[in-house]
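One letter stands for each residue in the lines below.
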Amino acid sequence: MPNARRGEVEAVIDGRPRILVLTLGALAELEAAFSVADMVALGERFGSGRLAALDLIRLIGAGLRGAGEAVTDLDVAAMRFEDGALGAAGLAGRLLAATFGQAQPVGEVGAAGPFAASPFPGTTP
C-alpha cells in the first residue's frame, strides 16, 4: 500500500501493482536528464503541459527506481499501462502531484509554489 505522506503512488503496470516515488535521488536524476539547474526549473518544465512520450518514460522510470525497482528507461518503454498512453500520462500527473503538492487556484500563491498546476491537461494533481 502506498504511503501518501512519502509521496508514493500505486499503479498497475504490466498487470501488477507497483509503487512509485520521486525520492531526492530520483529528482536529481530527472534534473540531469532534462538538463535543468534545480527543482524549480524541473517543476516549470513539467508545468508547461507539453510532455513527450520520452518525458513520461523518464519520469515513470525515475519513480519506479525511487521505489527500489531495478528498471531501465528501455524497460519502462516496453511496459503496458492501464488505459495505454493516457494512463501513463495520468500516472505521471499523480506522481508529480504526490511529490510537489496539491494545486492552488489560478492566481493564488500557496505552499505548492511553482508546482501548483497539474502538468497534464484534464488531470488534477
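Above: the structure in question.
Each value, and the rule that gives it
- Residues numbered from 1 in each chain as written.
- Predicted model: local features only at pLDDT ≥ 70, side-chain atom pairs only at ≥ 80, totals over all residues.
- Heavy atoms only, no water.
- Core = buried A, V, L, I, M, F, W, Y, C linked by side-chain atoms within 4.5 Å.
- Buried < 20%, exposed > 50% of the residue type's maximum accessible area, 1.4 Å probe, protein only.
- Helix = DSSP H or I, 4+ residues; strand = E, 2+ residues; numbered from the N terminus.
- Contact = heavy atoms within 4.5 Å.
- Pairing = 2+ DSSP bridges.
- Arc of directions from axis to C-beta.
- Polar contact = N/O pair within 3.5 Å; in protein donor to acceptor, adjacent residues only side chain to side chain.
- Phe/Tyr/Trp six-rings, centres within 6.5 Å; stacked < 30°, edge-to-face > 60°.
- Lys NZ or Arg CZ within 6 Å of the ring centre and 35° of its normal.

Caption draft 1: Molecular detail of the nonpolar core. By size, the foremost hydrophobic cluster in this structure holds 28 residues, and its most contacted members are Leu 20 and Leu 22. For this core, the elements supplying multiple residues, two or more each, are strand S1 (9–13), helix H1 (24–33), helix H2 (39–47), helix H3 (53–66) and helix H5 (84–100). Among the elements that make up this core, the one with the highest residue count is H5 (seven residues). Those residues in contact with Leu 20 that sit more than four places away from it in its chain are Gly 7, Glu 8, Val 9, Ala 11, Ile 13, Ile 60, Gly 63, Leu 64, Ala 67, Leu 91 and Leu 95.

Caption draft 2: The pairing of strand S2 (residues 16–20), seen in detail. Both S1 and S2 contribute to a ladder of five bridges, which runs antiparallel. Each bridged residue has a counterpart across the sheet, and for Ala 11 the counterpart in S2 is Arg 18. Between the end of S1 and the start of S2, which pair antiparallel, lie two residues, with Asp 14 showing a positive phi angle near 55°.

Caption draft 3: Just the environment of Phe 46, in detail. Its location among the elements puts Phe 46 in helix H2. Remark: the alpha-carbon pair of Phe 46 and Ala 92, spanning 46 residues in sequence, is separated by 9.8 Å.

Caption draft 4: Local environment of H2. Within H2, the full set of buried residues consists of Leu 42, Gly 43 and Phe 46. Here the buried residues of H2 occupy an arc of 100° about the axis, which is enough to place them on one side. Buried residues belonging to H2 abut H1, H3 and H5. For H2, the side-chain oxygen to backbone nitrogen distance between the N-cap and Val 40 is 3.2 Å, and the N-cap itself is Asp 38. Positioned one or two residues after H2, Gly 49 has a phi angle of 80°, which is positive.

Caption draft 5: Local environment of the packing of aromatic side chains. Within this structure, the stated rule accounts for one aromatic pair. Here Phe 34 and Phe 46 contribute two aromatic rings whose centre-to-centre distance is 5.5 Å and whose plane-to-plane angle is 85°, an arrangement assigned as edge-to-face. Note that Phe 34 is positioned in the loop between H1 and H2 and Phe 46 in helix H2, a separation of 12 residues in sequence. For Phe 34, a relative accessible area of 9% translates into the label buried. Residue Phe 46 is classed as buried on the basis of its relative accessible area, which comes to 3%. The ring of Phe 34 carries the charged tip of Arg 58 above its face, separated from the ring centre by 5.5 Å.

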